[in-house]
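# Structure assessment
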Amino acid sequence: MAEEIIIVEGNNTLAGEVAVSGAKNSALKLIAAALLGQGPSVIRNVPLISDIEIMSEVLRRLGATVERDGHVLTVDTAEVDNSETPYELVSKMRASISVLGPLIGRFGRARVAMPGGCQIGARKIDMHLVGLEALGVEFSIDHGFLEARTPHGLAGAHVVLDFPSVGATENLLMAAVAAEGRTVLENAACEPEIVDLANMLVAMGARVSGAGTSLVEVEGVPLSELRPCDHTTVGDRIEAGTFLVGGALTGGPVTVRGIDPSFLRVALMKLSAMGCEVQTGPDWITVGRERPLAPTDIQTLPHPGFPTDLQAQFMLLAACAEGVSVITENVFENRFMFASELMRMGADITIEDHHALVRGVGMLQGADVSSTDLRAGAALVLAGIAAEGQTRVHEIGHIDRGYEDYAGKLASLGANVRRASAEDASAAR
């Protein structure tokens, strides 16, 4: 299959309305949670992205039936009888590790290939393992596979996470709902996607309270009491934030629909501080700008702090602002790989450890650039819209992992952007 690229003709135009897809980082875990339902669960508002296809195939390999009708997935796990996930799938996507918790909850055992995914940091799974060990799970490594077993069953425990890890919180939740007794998760992740997962688990018959706070409590129930459910995925706050950055970058106004504004509170505060006009409603946000972009300082932190998944997009804004901004990355150590690609387009960025000093420049220039990860790829396409001339973004498979029809949605807002095979694009030059 020929490599595809995204070609952007800079026209500095993004305005109008766009509907946000379901949250990638939620839907992936909801699919995994369906393992606990032991029957046909219906998950709605599921984005059409490659990561969802990988997770769906992971469940099929476990014995589930996964069917898609538009944005609705029906995941029937009644016949699941396998607790091993294959390397060729797990190595493509780190989120596959999220089947570990529900497999342990359902079978008391699991054999999961060590995960892969975006090259944006070590993202070790130590916290997953330490937390699950507290619930009675024993682990061993066998030829690249993580083997889990529960010789004495799952039992509730008080678990304090070293860091509010989203993945560890999710895995612990999905195992704890089937453990005997009460589990308390302290320093739990507070992301909206955690709340979405907890809501689905409750709909399945689990007893979870405190999701969305740093203290989550789970009263375990017998596995026989967990049942399939019908659940709708929340809107994707990172996709919404990406399009809103586009509105800030070009002037907009851009309105995103299908998103709870409270999910993006800190990011919206930063947009206001940079000179944008921000309006919100029950499920929509509008961002526009008539003044020059002002510089700002940003520190990425776990929710409700500034999301690391919007760091690249805001680095782009800072590169086009009048003045100097400082961006501090506290979550993923390799997230600044994006900066070198943006510098190919004329940005003035100095990296020192986990700080980036961004001096605003008058105009970016179109260039050939490569996506270094999912969010960087999305930001590079936005950069091309604001740049002078043509930008060709390579390695767009990263973008397809998390954005449904990204080029199409941008085109609907007025961008001159299209996908093409790399061969055809070279021949046309």
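This text follows the structure it describes.
Residues numbered from 1 in each chain as written. Predicted model: local features only at pLDDT ≥ 70, side-chain atom pairs only at ≥ 80, totals over all residues. Heavy atoms only, no water.

### Quick notes on the environment of Val 221
To be explicit about the condition: Under the scheme used here, helices are H or I runs from DSSP no shorter than 4 residues and strands are E runs no shorter than 2 residues, and both carry numbers assigned from the N terminus. Whether two residues are in contact is decided by their heavy atoms, any of which lying within 4.5 Å being enough.
Examined against the element boundaries, Val 221 turns out to sit in the loop between strand 13 (215–219) and strand 14 (230–232). Distance from Val 221 to Gly 205, taken between C-alpha atoms, is 8.1 Å for residues 16 residues apart in sequence. Beyond its immediate stretch of four places on either side in the chain, Val 221 contacts Val 177, Ala 178, Ala 179, Gly 205, Arg 207 and Leu 226.

### Some words on the sheet that holds strand 19 (residues 324–328)
Convention followed: By this definition, two strands are paired if DSSP reports at least two bridges between them. Helix axes use the C-alpha atoms of the stretch in contact, all axes being lines fitted to C-alpha atoms, and the angles between their N-to-C directions lie in the range 0 to 180 degrees.
Strand order in the open sheet formed by 4 strands is 18-19-21-20, with mixed pairing between adjacent strands. On the outer flanks of this sheet lie strand 18 (297–299) and strand 20 (348–352), each paired with one strand and no other. Neighbour-to-neighbour, the strand axes of this sheet turn through a mean angle of 15°, independent of strand direction. Here strand 19 runs beside strand 21 (residues 355–359); their pairing, made up of 5 bridges, is antiparallel. Bridged to Ser 325 within strand 21 is Val 358.

### Quick look at the sheet that holds strand 13
With mixed pairing, the 4 strands of this open sheet are ordered in space as 10-11-13-12. What marks the edges here is a single partner per strand, and that holds for strand 10 (158–160) and strand 12 (207–209). Across the sheet, the axes of successive neighbouring strands diverge by a mean angle of 15°, strand direction being ignored. Bridge count between strand 11 (residues 182–186) and strand 13: 5 bridges; the pairing is antiparallel.

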